[in-house]
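Descriptive analysis of the structure
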Amino acid sequence: VEPKGNSDLVSDATFQDMQLHLEFNVDPKSNSGVYLRGRYEVQILGAFDNDTYPGGTAGAWYNQHVPLANPCRPPGEWNTYDIIFRAPRFDDNGKQLEPPMGTVIFNGVVVQNNAIIKGPTGSSMLKGPASKGPVFLQDHSDPIRFANIWVRPL
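This write-up is about the structure you can find in this document. (Residues numbered from 1 in each chain as written. Predicted model: local features only at pLDDT ≥ 70, side-chain atom pairs only at ≥ 80, totals over all residues. Heavy atoms only, no water.)

On to the overall build of the protein chain, then. Helix and strand content of the protein chain: zero helices and 11 strands. From first element to last, N terminus to C terminus, the protein chain shows the α and β order β-β-β-β-β-β-β-β-β-β-β. For 154 residues, the compact-globule estimate of 2.2 N^0.38 gives 15 Å, and the protein chain sits close to it at 15 Å. Counting only C-alpha atoms, the protein chain reaches 45 × 30 × 25 Å along its principal axes. When each of the 154 residues of the protein chain is scored for burial, the buried share is 46%. Long-range contacts, defined here as pairs at least 24 residues apart, represent 64% of the contacts in the protein chain between residues at least 6 apart. Total accessible area computed for the protein chain in this model is approximately 7,400 Å², and 50% of it derives from carbon and sulfur atoms. Averaging the coordinates of the 13 positive side-chain charges in the protein chain and doing the same for the 16 negative ones gives two points 6 Å apart. (Helix = DSSP H or I, 4+ residues; strand = E, 2+ residues; numbered from the N terminus. Rg over C-alpha atoms; globule rule 2.2 N^0.38 Å. Buried < 20%, exposed > 50% of the residue type's maximum accessible area, 1.4 Å probe, protein only. Contact = heavy atoms within 4.5 Å. Areas by Shrake-Rupley, 256 points an atom, 1.4 Å probe, with all protein chains shown as cover. Lys, Arg positive; Asp, Glu negative; His and termini not counted. Charge placed at Lys NZ, Arg CZ, Asp CG, Glu CD.)

Put into structure tokens, the structure is as follows:
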């Protein structure tokens, strides 16, 4: 899949807790993100030999948790994310009882380990409480390719 200029990709299916596998190939400074439930972004960036702000580098829960390592492969090589996500829990009135949490395995390296996510990140497409949400691949009109995307509800 190759998004073309302002063509964010949004799944028809919605998810709560999930395991997501995603492969991506980026140019040296390409910028994108994968949003879980349309709210919580894991940053995708051409981060090989590319210094950027820590909360915006590849593998970050955008502007909330800096990745523990930078295993990004050189431009032209494929990278993988395996993300295990636990959705927030709400009571019947919509009050959050437990925050969302996520683990990110980036090219086989754990870069986020059960990180507690404080709320929607970056420019999330959805706001507020909801029992489920889509997977959303962000497009910043930068060269990026996606492949072998799958989601398994947990």
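Having seen it, we continue.
It is worth spelling out the pairing of strand β3 (residues 31-36) at this point. Counted residue by residue, β3 has five buried out of six residues, so it is predominantly covered. Two elements, β3 and strand β4 (residues 40-45), share six bridges in a ladder whose sense is antiparallel. For Val34, the partnering residue across the bridge sits in β4 and is Val42. (Pairing = 2+ DSSP bridges.)

A word on unusual backbone geometry. Negative phi values dominate among residues other than glycine, just as trans dominates among peptide bonds. For Asn63, which is not glycine, the phi torsion reads 55° and is therefore positive. Following the sequence through the fold, Asn63 ends up in the loop between β4 and β5 (79-86). Although it is not a glycine, Asn148 adopts a positive phi angle of roughly 45°. Within the element layout of this structure, Asn148 appears in strand β11 (residues 144-153).

Across the sheet, which stays open at both edges, the five strands sit in the order β9-β8-β5-β2-β11 with antiparallel pairing between neighbours. Sheet topology places β9 (109-116) and β11 at the edges, where each strand pairs with a single neighbour. In this sheet, adjacent strand axes meet at a mean angle of 15° when their direction is disregarded. Sheet analysis places strand β2 (residues 18-26) next to β11, joined by eight bridges and oriented antiparallel. Bridge assignment links His21 to a residue of β11, and that residue is Trp150. (Axes fitted to C-alpha atoms, helices over the stretch in contact; angles between N-to-C directions.)

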